[in-house]
Amino acid sequence: MPSQITQSPWQTAALLIARLIFAAVFLMAVTFKFMGMEATAGYIAAAGFPFPLFLAWCAAILEVALVLCFLSGAFFTLAALIAGAYVVFLAFAFHGPSHWAGNQAEFGFFVDHFSFLAGLLFAAVHGPGRVLSVNLGWPGRA
């Protein structure tokens, strides 16, 4: 059953701005991948993962899908949850405790991923809003 709760203009604007920020972050990430897929693969290989070029392309495809979901509102809750899992994976794989001794800034990068995760979880709970959203998603969830 659709919710009958109305949103004030500032709440509607906040939801749209949050969706744009999420989309922009992943758009920047995928843009850097497309500008240097080999460099991305090198970074993945340096972290010890096999098939780095394949994984770089997988990451790029996922990030494009996330951008589309955040911009359109389609499958928004699922996209926010997947993005959250992806962000936690990236935190541990590329900025986890094994990196902290060599570079103290890595700890900051690690913690930043969890701030982003908090926003994604909050977004997953509250959805994309009703404005500029195609509202596709899980059955029973607008």
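Note that the coordinates shown come from a computational prediction; the quantities given were computed from them, not determined experimentally. All residue numbers refer to position in the chain's written sequence, counted from 1. Only residues with pLDDT of 70 or above have their local features reported here, since the model is predicted, and side-chain atom pairs are shown and tallied only from 80 upward, although totals for entire chains, interfaces and linings are computed over all residues. Only hydrogens and water are set aside when side-chain values are computed; all heavy atoms of the structure are taken into account.

Trainee: With reference to specific residues and values, describe the overall build of the protein chain.
Mentor: Only DSSP runs of H or I covering at least 4 residues are called helices, and only runs of E covering at least 2 are called strands; the numbering of each starts at the N terminus. In terms of helices and strands, the protein chain carries six helices and zero strands. The order of helices and strands in the protein chain, counted from the N terminus, is α-α-α-α-α-α. C-alpha atoms of the protein chain, sized along the principal axes, occupy 50 × 30 × 25 Å. Throughout, the Shrake-Rupley method with a 1.4 Å probe supplies accessible areas, and for residues the shown protein chains are the sole cover considered. On the protein chain, roughly 8,600 Å² of surface is accessible, and the fraction owed to carbon and sulfur atoms is 77%. One finds the centroid of the 4 positive side-chain charges in the protein chain at a distance of 23 Å from the centroid of its 4 negative side-chain charges. Positive charge is attributed to Lys and Arg, negative charge to Asp and Glu, and no charge count is given to His or to the chain ends. Charged side chains are reduced to one point each, which is NZ for Lys, CZ for Arg, CG for Asp and CD for Glu.

Trainee: Any details on the side chain of K33? Residues and values, ideally.
Mentor: You can see K33 is positioned in helix α1 (residues 9–35). What makes K33 buried here is its relative accessible area of 12%. Under the rule applied, a polar contact is a pair of N or O atoms within 3.5 Å (in protein, one hydrogen donor and one hydrogen acceptor; residues adjacent in sequence only if both atoms are side-chain atoms). Within the structure, the side chain of K33 is placed 3.0 Å from the side chain of E63, a separation counted as a polar contact. Every residue pair with non-hydrogen atoms within 4.5 Å of one another is taken to be in contact. Residues within four places of K33 in sequence aside, it is in contact with T40, A56, A59, A60, E63 and Y86. Classification of residues uses two cut-offs on accessible area relative to the type maximum, computed with a 1.4 Å probe and protein chains only: under 20% is buried, over 50% is exposed, and between them is partly exposed.

Trainee: Would you mind going over the environment of F122 in detail, with residue names and values included?
Mentor: You can see F122 is positioned in helix α6 (residues 105–126). Sequence-wise, F122 and A80 are 42 residues apart; in three dimensions their C-alpha atoms are separated by 8.9 Å.

Trainee: With reference to specific residues and values, describe α1.
Mentor: The end-to-end C-alpha distance of α1, which contains 27 residues, comes to 38 Å, matching closely the 39 Å that a straight helix rising 1.5 Å per residue would cover. The complete set of buried residues in α1 reads T12, L15, R19, F22, A23, F26, V30 and K33. Residues of α1 that are buried in the fold lie against α2 (37–46), α3 (52–72), α4 (76–95) and α6. To estimate the expected span of a helix, count its residues, drop one, and scale the result by 1.5 Å.

Trainee: Run through the packing of aromatic side chains, naming residues and quoting values.
Mentor: To pair, rings of Phe, Tyr and Trp, with the six-membered ring standing in for Trp, must have centres within 6.5 Å; the planes then decide the type, stacked if under 30 degrees apart, edge-to-face if over 60, and tilted in the middle. For the structure shown, the criterion picks out 15 aromatic pairs. Ring geometry for F34 versus W57: centroids 5.8 Å apart, planes at 50 degrees, classification tilted. With F34 in helix α1 and W57 in helix α3, this residue pair connects regions lying 23 residues apart in the sequence. Classification of F34 as partly exposed rests on a relative accessible area of 46%. An aromatic cluster of at least three residues, connected via ring pairs, comprises F22, F26, F70, F76, Y86 and F116.

Trainee: How would you summarise the nonpolar core if you had to cite specific residues and measurements?
Mentor: One broad trend across soluble globular proteins is that nonpolar side chains are buried collectively. By convention a nonpolar core is built from buried Ala, Val, Leu, Ile, Met, Phe, Trp, Tyr and Cys residues, the set being connected through side-chain atoms within 4.5 Å. One finds F22, F26, L66, F70, A83, F116 and L120 to be the most contacted residues of the largest nonpolar core, which totals 27 residues. The dominant element in this core, judged by the number of residues it contributes, is α4, at nine residues. Setting aside anything within four residues of it in sequence, one finds F116 in contact with F22, V25, F26 and V87.

Trainee: Lay out the packing of α4 against α6 in plain terms, naming residues and giving numbers.
Mentor: Packed helices, taken two at a time, are described by their axes: the angle between them and the distance between them. To define axes, lines are fitted to C-alpha atoms, for helices over the stretch in contact only, and angles between the resulting N-to-C directions are given on a 0 to 180 degree scale. At their nearest, the axes of α4 and α6 sit 9 Å apart, and the two run at 170 degrees to each other. Taken as axis vectors, α4 and α6 run roughly antiparallel relative to one another. Counted by class, the contact of α4 with α6 contains 19 nonpolar, four polar and one charged residues. Roughly parallel means an angle under 35 degrees; roughly antiparallel, over 145; roughly perpendicular, 65 to 115; everything else is oblique. Basically, the charged four are Asp, Glu, Lys and Arg, the nonpolar ten are Ala, Val, Leu, Ile, Met, Phe, Trp, Tyr, Cys and Pro, and anything else, Gly included, counts as polar.

Trainee: How would you sum up the side chain of E63? Please name residues and give values.
Mentor: In this structure, E63 sits in helix α3. Owing to a relative accessible area of 2%, E63 belongs among the buried residues under this scheme. Sequence-distant contacts of E63, that is, excluding residues within four places in its chain, are made with F26, A29, V30, K33 and Y86.

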